[in-house]
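Summary of structural features
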Amino acid sequence: AKIGMWLFLVTEILLFGGLFCAYAYYRTMHPEIFIYAHKYLDKTLGGINTVVLITSSLTMAWAVRAAQLRQKRLLILMLCLTLVGAFGFLGIKAVEYNHKWKHGLLWGQLYRPQEHAAEDAHAEPAAETAPAEDYALAAADGESVVQVTVDTEAPAADEPPVIPEGAPPTYIPRTADGELYIEHSTKPHAAEGPSGLAFTPTSKGHEPYYEKPGNVHIFFGVYFAMTGLHGLHVIAGIVVIIIMLVLAIRGHFDSGYFTPIDLTGLYWHLVDLIWIFLFPLLYLIH
């Protein structure tokens, strides 16, 4: 039974390994997306969830020990505490998902950020230092694109655009919803600021800021794929732990037979371990 569980856990690692490879690829190719978008994740809630899940892993290990020692009441208590941690984790994750859904921070075509949402820590804020502009300058250099915003109205047909000193030469209008026509995101060679983010000088005394990269929805696609799959595994773990709790209440386990509890613990530790990797990769690294 234990060999079978370890083989199953290996397949689980392979399953998540594909998503980790996708994360590594997209972060390598488009670091500006991850640098920009990760700040819209709530590190506090993510940190609390990490503590909750690690604590539930401890109570699960304690439950295995209680089963080995035929401590029925302690076994039931530890399984109940593990369930509390699991439901707590899902509850906090539901709060995060609700904020992302409410403010349009989703994947693919569902990515429609509410940049001027009411003062909500999870809403994508408008750049306070950015001037109101309708047009932008952009320059292409191989596979790199540097975006520079111009504080100006649309120029007359016979007038050149007002270009700040050192700005790229190509003039590109914004789309109807305010986005640039440049749809792909790349790694511009920014002389200042975080690696991968284009430094944007402004006029009229405004502070410099960093232009929003294109295809930010890629980050949220990776985020929901990884955390969503992990959440499904937490739900599966809850189902199994409830079954173990029912069997424990019926006195099904003793020092001579506790294999199901042991295998459930192995599975739950893997769920915990995966989150320990997801939390820093998605929430902390920038």
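Predicted model, so just to flag it, every value in this text is computed and none were measured.

Procedures and definitions
- Residues numbered from 1 in each chain as written.
- Predicted model: local features only at pLDDT ≥ 70, side-chain atom pairs only at ≥ 80, totals over all residues.
- Heavy atoms only, no water.
- Phe/Tyr/Trp six-rings, centres within 6.5 Å; stacked < 30°, edge-to-face > 60°.
- Helix = DSSP H or I, 4+ residues; strand = E, 2+ residues; numbered from the N terminus.
- Buried < 20%, exposed > 50% of the residue type's maximum accessible area, 1.4 Å probe, protein only.
- Axes fitted to C-alpha atoms, helices over the stretch in contact; angles between N-to-C directions.
- Parallel < 35°, antiparallel > 145°, perpendicular 65-115°, else oblique.
- Left-handed = near helix turned anticlockwise from the far one by under 90°.
- Contact = heavy atoms within 4.5 Å.
- Nonpolar A, V, L, I, M, F, W, Y, C, P; charged D, E, K, R; others polar.
- Core = buried A, V, L, I, M, F, W, Y, C linked by side-chain atoms within 4.5 Å.
- Patch = residues over 30% accessible without salt bridge, like charges linked within 9 Å, V, L, I, M, F, W, Y side chains within 5 Å.
- Areas by Shrake-Rupley, 256 points an atom, 1.4 Å probe, with all protein chains shown as cover.
- Salt bridge = Lys/Arg side-chain N within 4 Å of Asp/Glu carboxyl O.
- Expected span 1.5 Å × (residues − 1).
- Polar contact = N/O pair within 3.5 Å; in protein donor to acceptor, adjacent residues only side chain to side chain.
- pLDDT = per-residue confidence, 0-100.

**Examining the packing of aromatic side chains**
Following the criterion strictly, the structure yields 16 aromatic pairs and no others. Plain terms: the ring middles of Tyr23 and Phe34 are 5.4 Å apart, the flat faces sit at 85 degrees to each other, and that makes the pair edge-to-face. Of this pair, Tyr23 sits in helix 1 (residues 2-29) while Phe34 sits in helix 2 (residues 31-37), placing them eleven residues apart in sequence. Among the residues examined, Phe34 registers a relative accessible area of 0% and is labelled buried. Both rings, one in Phe34 and one in Phe219, keep their centres 5.3 Å apart while their planes meet at 80 degrees; by these two values the pair is edge-to-face.

**Description of the packing of helix 4 (residues 72-102) against helix 6 (residues 259-284)**
Contact pair helix 4 / helix 6: the axes reach a minimum separation of 13 Å and the direction vectors enclose 30 degrees. In terms of orientation, helix 4 lies roughly parallel with respect to helix 6. Crossing handedness for the pair helix 4 and helix 6: left-handed. Contacts between helix 4 and helix 6 involve Leu75, Leu79, Thr82, Ala86, Phe89, Lys93 and Glu96 on the former and, on the latter, Ile261, Trp268, Trp275 and Tyr283. A per-class count over the contact of helix 4 with helix 6 returns eight nonpolar, one polar and two charged.

**Some words on the environment of Ala86**
Along the chain, Ala86 turns up in helix 4. The exposure class of Ala86 is buried, given its relative accessible area of 0%. Put simply, Ala86 and Ile241 are 155 residues apart on the chain and 9.8 Å apart in space, counted from C-alpha to C-alpha.

**Here we look at the nonpolar core**
With 57 residues, the main nonpolar core has Met60, Leu75, Leu79, Phe219, Phe220 and Ile261 as its most contacted residues. Counting residues per element, the ones that place at least two in this core are helix 1, helix 2, helix 3 (43-68), helix 4, helix 5 (217-249) and helix 6. The residues contacting Phe219, other than those within four sequence positions of it, are Ile33, Phe34, Ala37, His38, Leu41 and Leu282.

**Observations regarding the packing of helix 1 against helix 5**
Running from N to C, helix 1 and helix 5 point in directions that differ by 165 degrees, and their axes come no closer than 10 Å. Comparing the axis directions of helix 1 and helix 5 gives the class roughly antiparallel. Two packed elements cross with a definite hand, and for helix 1 against helix 5 that hand is left-handed. On helix 5, the residues that touch Glu12, Leu15, Phe16, Leu19, Phe20, Tyr23 and Tyr26 of helix 1 are Ile218, Val222, Ala225, Met226, Leu229, His230 and His233. Here the contact of helix 1 with helix 5 is composed, by residue class, of eleven nonpolar, two polar and one charged.

**Remarks on a nonpolar patch on the surface**
A cluster of nonpolar side chains, namely Leu232, Ile235, Val239, Val240 and Ile243, defines an oily patch on the protein surface of about 420 Å² accessible area. By the element assignment, Ile243 lies in helix 5.

**Here we look at helix 3**
Compared with the 38 Å implied by 1.5 Å per residue over 26 residues, the 38 Å span of helix 3 between its first and last C-alpha is a close match. For helix 3, the side-chain oxygen to backbone nitrogen distance between the N-cap and Thr44 is 2.9 Å, and the N-cap itself is Asp42. Positive backbone phi, approximately 60 degrees, marks Arg70, located one or two places after helix 3.

**Section: helix 6**
Given a rise of 1.5 Å per residue, 26 residues ought to cover 38 Å, and the 37 Å separating the end C-alpha atoms of helix 6 matches this to within 8%. For helix 6, the tally of buried residues reaches 19 of 26 residues, placing the bulk of the element in the interior.

**Considering the confidence of the model for the protein chain**
Confidence in the prediction for the protein chain averages 75 pLDDT; 65% of positions are at 70 or higher. Note that pLDDT drops below 50 for residues 116-175; the model gives that stretch 127 contacts with residues more than four away or on any other chain. Scored below 50 in pLDDT, residues 179-210 shows 93 contacts in the model against residues more than four places distant or in partner chains.

**Describing the side chain of Thr59**
Note on placement: Thr59 falls in helix 3. Residue Thr59 is classed as buried on the basis of its relative accessible area of 8%. Once you skip the residues sitting within four places of it in the chain, Thr59 turns out to touch Met78, Leu81 and Thr82.

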